[in-house]
Structure formats: C-alpha cells, structure tokens
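Structural features, examined
Each chain, written out:
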Amino acid sequence: LKDGAWQVKEEASFALAARRSAAAAEPLVKLLADPAWQSHAAALYALATCSPEKFREALPKAQKDKAYQVRLAACEAAYDAGPGDGFGAAVVALGDEAWQVRATAVAVLEQVWEERCIEPLIDRLVQEKGRLRYDIMMVLRAMTGKEIGYSAADWKLWWEANKQTFKIGKKPSSGSPTPNKDK
C-alpha cells in the first residue's frame, strides 16, 4: 500500500479485501487520501469488506469526492458493508450529477430488493432522461411485477394506492426474464 504506483495500491487493496483482514483497516483508511482515484476507490471496496465500521466513517466524504469513480465505488461498496448501507448510499447516489453513479445506484437498489427501494426509484424516474429511465423502469417492473411503463406519474399513482399493502416478491434468479406477476 506504500508503493508509489496506484496500480500496485489498487491490487493490494483488492487482495486485502479478498482476505477480509480487519488488521488492514488503518492502512486502507490512509489510502483514502491518495491522490489517484483508483487507489481511493479500491480502498473503499476493501474497507467495506474488511472493516464496515471504518467504511461507514469514510462514506460521507467519499460520496462528495470530485472523482465520480470514487462516488460510484462508495455506492457500490456500501452494499458489501451491509444492505442497509447499500440502500442509504444508493438513495444519496440517485441524486449524483454523474449518470454513471446514478446507474450504479439503480443497480444497488435492485440488489437490496426491498419495498423501501421502490419510492426512491419512482422519484428518480420523474427526473431522469435517456437510458437510465429504461433501467429504472426495468427494476421497478422486476420488483413489483407491474407493467406500468415509462410514465413516472402512473408509477406514482400506482405506488400511492399500493404502498401500504405491497409486499415485494422473491428476487428472481439471474437470467429469469419475467418478474413474478402474482402481486
């Protein structure tokens, strides 16, 4: 982690993450100050698995980093620290200026797969344009089993009418093309 090359620091961080070494937490925290975004992002991924507590301490600053890649890593790694962390980080990331970070947030919310994920996705659907509208709609369709389309207003109406009683279905296995339609 003390090598001058970011590539070495990045690989060392991933190796520590694979070992889930709690002893690596302090050196990884120091790596968060590295000027290379690659090292910084790798340290976040490693901290999430090695020391979720230290990751949680670093998360707010990482979510405001100037490099979108670090903000993306913060969102994605948060799920490894815990699904609750993933949810919170993804909700923050849905408002990020970089579409790459917002796309990651949508993917993390799909991983979390809980009822509380639906409303933030619908709220983002109102604001989003382009490809991310499709991604959000597909996640909403998978989570709810509903074919409501791209209209954020229609999704809002449906959610307001159903959120008190809605129960999310079992997450489909990967490769399953159709969501459960029994809800």
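Above this text you will find the structure in question.
The paragraphs below set out a description of the structure included in this document. (Residues numbered from 1 in each chain as written. Predicted model: local features only at pLDDT ≥ 70, side-chain atom pairs only at ≥ 80, totals over all residues. Heavy atoms only, no water.)

Quick look at the packing of helix H1 (residues 6-19) against helix H3 (residues 37-50)
Running from N to C, H1 and H3 cross one another at 10°; their axes reach a closest spacing of 8 Å. Looking at the two axes, H1 sits roughly parallel to H3. Here Trp-6, Lys-9, Glu-10, Ser-13, Phe-14, Leu-16 and Ala-17 of H1 lie close against H3, whose contacting residues are Gln-38, Ser-39, Ala-42, Ala-43, Tyr-45, Ala-46, Thr-49 and Cys-50. A breakdown of the residues in the contact of H1 with H3 according to their chemical character gives nine nonpolar, four polar and two charged. (Axes fitted to C-alpha atoms, helices over the stretch in contact; angles between N-to-C directions. Helix = DSSP H or I, 4+ residues; strand = E, 2+ residues; numbered from the N terminus. Parallel < 35°, antiparallel > 145°, perpendicular 65-115°, else oblique. Contact = heavy atoms within 4.5 Å. Nonpolar A, V, L, I, M, F, W, Y, C, P; charged D, E, K, R; others polar.)

Thoughts on the side chain of Gln-38
As for its position among the elements, Gln-38 is in helix H3. If we skip the residues at most four places from it in the chain, Gln-38 touches Trp-6 and Glu-10.

Notes on the environment of Asp-135
Relative to the helices and strands, Asp-135 is located in helix H9 (residues 131-144). With 32 residues separating them along the chain, Asp-135 and Ala-103 place their C-alpha atoms 7.8 Å apart. Only 2.8 Å separates the side chain of Asp-135 from the side chain of Arg-131, close enough to count as a polar contact. (Polar contact = N/O pair within 3.5 Å; in protein donor to acceptor, adjacent residues only side chain to side chain.)

Brief notes about the nonpolar core
Leu-109, Ile-118, Leu-121, Leu-140, Met-143 and Trp-155 are the most contacted members of the largest nonpolar core, which has 31 residues in total. Contributions of two or more residues to this core are made by helix H5 (68-81), helix H6 (83-93), helix H7 (99-112), helix H8 (118-127), H9 and helix H10 (152-162). For Leu-109, the contacting residues outside a window of four places in its chain are Phe-87, Ala-90, Leu-94, Cys-117, Leu-121 and Met-143. Counting 25 residues, the second-largest nonpolar core is a separate cluster that includes Leu-32, Phe-55, Ala-74 and Ala-78. (Core = buried A, V, L, I, M, F, W, Y, C linked by side-chain atoms within 4.5 Å. Buried < 20%, exposed > 50% of the residue type's maximum accessible area, 1.4 Å probe, protein only.)

Remarks on the state of the cysteines
Throughout the structure, instances matching the rule amount to zero disulfides. There is no disulfide at Cys-75, and the cysteine sulfur nearest it, in Cys-117, is 11 Å away. (Disulfide = S-S within 2.5 Å.)

Notes on the pattern of salt bridges
Two side chains that carry opposite charge are able to pair once their charged atoms sit near each other. All chains considered together, the criterion is met by 12 salt bridges. Across the pair Arg-56 and Asp-85 runs a salt bridge whose closest N-O atoms are separated by 2.9 Å. Placement of Arg-56 in helix H4 (residues 52-62) and of Asp-85 in helix H6 is noted, with a sequence separation of 29 residues between them. On the accessibility criterion, Arg-56 (36% relative accessible area) is partly exposed. A relative accessible area of 18% places Asp-85 in the buried class. Between Glu-147 and Arg-141 there is a salt bridge; the shortest N-O distance is 3.0 Å. A residue is classified by how much of its surface remains accessible, and Glu-147, at 52% relative accessible area, is exposed. (Salt bridge = Lys/Arg side-chain N within 4 Å of Asp/Glu carboxyl O.)

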